[in-house]
Amino acid sequence: MWAITRLESADTGLVSFIMLSLLYTLILTATAALGQNTTCPSLPTTINYAANPKLPDPFLPLSGSRITSKAQWPCRKEEIRQLLQRYSYGVLPTTKPTVTTTMSGTTLTIKVADGGKSMSFSVTIKLPTSGTAPYPAIIAYGGASIPIPNTVATITYQNFDMAADNGRGKGKFYDLYGSSHNAGGLIAAAWGVDRIMDALEMTPTAKIDPKRVGVTGCSRNGKGSIIAGAFVDRLALALPQEGGQSAAGCWRIADEIQKNGTKVETAHQIVNGDSWFSTDFSKYVDAVPTLPWDNHMMHALYADPPRGLLVIENSAIEYLGPTSNYHCATAGRMVHEALGVKDRFGLTQVSHSDHCGFPSASQAPLTAFINRFLLKQEVSTDIWKTDGKFTIDEGRWVDWTVPKLS
Ligand SMILES: *[C@@H]1O[C@H](CO)[C@@H](O)[C@H](O)[C@H]1NC(C)=O
């Protein structure tokens, strides 16, 4: 599952003032396209970030003054989204595409047009056997690895049709935006999820309630599904399973696990495998402390608007980096805590030998998250449990505290 292909690094080069202003406008359009805050400044062209071996403080924007109020979070969130795109995933298209749909039997066909080009893709919808329409649903990357209850529809998304797993620039996304588009496969597939949400909102005959849609996937699709939820605010819940690094885990911690002698998926390794990230990420993978973010800040994108996130991990497979997954997610949850929504971010990390099998010990957490965020029941989701025995010193990774935001 870890194919090796060397990716080339792309240089950004100099951008003139005029192009910068243009870029600024485009970024505003792009964020508007994803339904986000449009009044925040865009990233500066040059970012001077002093190498930081610890997990960066999510509450400290590039401006250098730590945020003190909840009202300041939306723009910091937008900054984090832009950082993740520029340094790692690739930058999302800057235009709002036109979507049209056809529902036939169990197939929802979604035609997307932009810039004079168009493509279409389809998802299959398996309706639940109980409950009443419109139903809650879970979008499953490539098919579900988790048990989906008979009260929730399953929407099967062939994400590798949108962005090929092996072969950069191939798939429906690139048919529309060009094979040399800077987006890696993970964010291209997340863009596809955003189009599925457009389609569900405009197609009542699909019988899905767009306000109660979750997303899931395992392994590489565990990464895909958590990144989709982080970028698509319209999703009510994400249930990523065994995605390891760049899902639950942080690049900095993974590097140290590897240095300590346990083979794990590191940033250095990941740009050599498949086509998940932007080629620009290869500039940083051997200097991870120079990244002004780590993946705990991707988790933080779930804190506002508050949605559900249950990380389903496996403490038995060392390559998944269980230590990193636990500590990175714990750091990410500190943002939820600051915003008063800690119980919306859960973790269940259970030891089992079959990668992407679903252990019964994770069933109760899964049921609680589905019941609360898709079935709208009043149940507790304050769940943070691991059967892993970790000895690392948290203070070595986190040198900031949860602020009291006004
Ligand atoms: C790596 O090993 C050192 C020394 O034993 C230990 O302090 C540290 O916590 C280990 N790091 C990780 C991420 O396991």
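That block above? That's the structure.
Residues numbered from 1 in each chain as written. Predicted model: local features only at pLDDT ≥ 70, side-chain atom pairs only at ≥ 80, totals over all residues. Heavy atoms only, no water.

*Asks:* Just checking my understanding: could you explain the layout of surface pockets for this structure?
*Replies:* Any space left empty among the atoms is revealed by the rolling of a water-sized probe across them. The calculated volume of the second largest pocket comes to roughly 260 Å³. Together, 14 residues line the second largest pocket, and I257, N260, T262, T323 and I392 are the ones closest to its centre. Residue assignment for the lining of the second largest pocket shows that the elements contributing at least two residues are α7 (251–259) and α10 (322–338). For the lining of the second largest pocket, the leading source of residues is α7, giving 3 residues. Split into classes, the residues belonging to the lining of the second largest pocket amount to 6 nonpolar, 6 polar and 2 charged. (1 Å grid on protein atoms, 1.4 Å probe; cavity = no way out; pocket = protein on both sides within 12 Å on 5 of 7 lines; lining within 4 Å. Points joined across faces, edges and corners; volume = space filled by probe spheres on them. Helix = DSSP H or I, 4+ residues; strand = E, 2+ residues; numbered from the N terminus. Nonpolar A, V, L, I, M, F, W, Y, C, P; charged D, E, K, R; others polar.)

*Asks:* Got a minute to help me understand the state of the cysteines in this structure?
*Replies:* Disulfide: a covalent bond formed between the sulfur atoms of two cysteine residues. Taken as a whole and assessed by the stated rule, the structure comprises 3 disulfides. A sulfur-sulfur distance of 2.1 Å marks the disulfide that ties C218 to C356. Residues C218 and C356 share a disulfide whose torsion about the S-S bond is about -95 degrees; that sign makes it left-handed. Placement of the pair is C218 in strand β6 (residues 208–218) and C356 in the loop between β9 (345–349) and α11 (363–373), with a sequence separation of 138 residues. Going through the protein in sequence order and numbering each bonded cysteine, the pairs you get are 1-2, 3-6, 4-5. (Disulfide = S-S within 2.5 Å.)

*Asks:* How should the pairing of strand β1 (residues 98–104) be read in this particular structure?
*Replies:* Both faces of the sheet carry side chains from a regular strand, because those side chains alternate between them. Inspection of the sheet shows β1 paired to strand β2 (residues 107–114) by 7 bridges, in the antiparallel sense. What sits directly across from T102, in β2, is T109. In textbook terms, the turn of a hairpin is the stretch between consecutive antiparallel strands, and for β1 and β2 this stretch comprises 2 residues, one of which, G105, has a positive phi near 65 degrees. (Pairing = 2+ DSSP bridges.)

*Asks:* Even after reading the chapter, I still don't get the site of the ligand, so can you show me in this structure?
*Replies:* Taken together, I253, E256, I257, N260 and I392 make up all the residues around the ligand. Note that a nitrogen atom of the ligand is positioned 2.4 Å from one of the side-chain N or O atoms of E256. Take N260: an N or O atom from its side chain is 2.3 Å from an oxygen atom of the ligand. For the ligand, the protein covers 55% of the area, taking 360 Å² as the surface of the free molecule. Considering only residue class, the shell around the ligand consists of 3 nonpolar, 1 polar and 1 charged. (Near = heavy atom within 4 Å. Polar contact = N/O pair within 3.5 Å; in protein donor to acceptor, adjacent residues only side chain to side chain. Areas by Shrake-Rupley, 256 points an atom, 1.4 Å probe, with all protein chains shown as cover.)

*Asks:* What should I look at first to understand the sheet that holds strand β7 (residues 237–241) in this one?
*Replies:* Within a sheet, adjacent strands bond to each other through the backbone by hydrogen bonds, running parallel or antiparallel. Taken together, the 10 strands give an open sheet; going across it, the order is β1-β2-β3-β5-β4-β6-β7-β8-β9-β10, and neighbouring strands pair in mixed fashion. In this open sheet, the two edge strands, each paired with only one partner strand, are β1 and β10 (384–386). This sheet shows a mean twist of 20 degrees between the axes of neighbouring strands, independent of strand direction. (Axes fitted to C-alpha atoms, helices over the stretch in contact; angles between N-to-C directions.)

*Asks:* Explain unusual backbone geometry here, please?
*Replies:* Negative phi values dominate among residues other than glycine, just as trans dominates among peptide bonds. With an omega of -5 degrees, the peptide bond running from A133 to P134 counts as cis. Counting through the fold element by element, P134 comes out in the loop between β3 (117–126) and β4 (135–141). Even without being a glycine, S219 presents a positive backbone phi close to 65 degrees. Tracing the chain through its elements places S219 in the loop between β6 and α6 (220–231). For S219, a relative accessible area of 6% corresponds to the buried category. (Buried < 20%, exposed > 50% of the residue type's maximum accessible area, 1.4 Å probe, protein only.)

*Asks:* Explain the pattern of salt bridges here, please?
*Replies:* Side chains bearing opposite charge may pair, as long as their charged atoms lie close to each other. Within this structure, the stated rule accounts for 21 salt bridges. With its nearest N and O atoms 2.9 Å apart, the salt bridge here joins R234 to D194. Within this pair, whereas R234 is found in the loop between α6 and β7, its partner D194 is found in helix α5 (residues 185–202), the two being separated by 40 residues in sequence. Its salt-bridge partner being K223, residue E265 comes within 2.6 Å of it at the nearest N-O pair. (Salt bridge = Lys/Arg side-chain N within 4 Å of Asp/Glu carboxyl O.)

*Asks:* What exactly am I supposed to notice about the packing of α5 against α6 here?
*Replies:* Packed helices, taken two at a time, are described by the angle their axes make and the gap between the axes. Axis separation between α5 and α6 bottoms out at 9 Å; the angle between their running directions is 55 degrees. Classified by the angle their axes make, α5 and α6 are oblique. Between α5 and α6 lies a crossing of right-handed hand. Mapping the contact onto sequence places L186, I187, A190 and V193 in α5 and R220, K223, G224, I227, A228 and F231 in α6. Partitioned by chemical class, the residues of the contact of α5 with α6 number 7 nonpolar, 1 polar and 2 charged. (Parallel < 35°, antiparallel > 145°, perpendicular 65-115°, else oblique. Left-handed = near helix turned anticlockwise from the far one by under 90°. Contact = heavy atoms within 4.5 Å.)

*Asks:* Explanation requested: the packing of α7 against α10 in the structure shown.
*Replies:* Running from N to C, α7 and α10 cross one another at 150 degrees; their axes reach a closest spacing of 9 Å. Judged by the inter-axis angle, α7 sits roughly antiparallel to α10. Like other packed secondary-structure pairs, α7 and α10 cross with a definite hand, here right-handed. Across from I253, A254 and I257 in α7, the residues of α10 making contact are T323, S324, H327 and C328. Classifying every residue of the contact of α7 with α10 by side-chain character gives 4 nonpolar, 3 polar and no charged.

*Asks:* Mind showing me how you'd approach the packing of aromatic side chains here?
*Replies:* Each aromatic ring pair is specified by the distance between its two centres and by the angle formed by the two planes. According to the stated counting rule, one finds 18 aromatic pairs in the structure shown. Centroid distance Y177 to W191: 5.5 Å. Interplanar angle 90 degrees. Geometry classified as edge-to-face. Placement of Y177 in helix α4 (residues 172–177) and of W191 in helix α5 is noted, with a sequence separation of 14 residues between them. An identical accessibility class is assigned to Y177 and W191; each is buried. Here F345 and W384 contribute two aromatic rings whose centre-to-centre distance is 5.1 Å and whose plane-to-plane angle is 90 degrees, an arrangement assigned as edge-to-face. (Phe/Tyr/Trp six-rings, centres within 6.5 Å; stacked < 30°, edge-to-face > 60°.)

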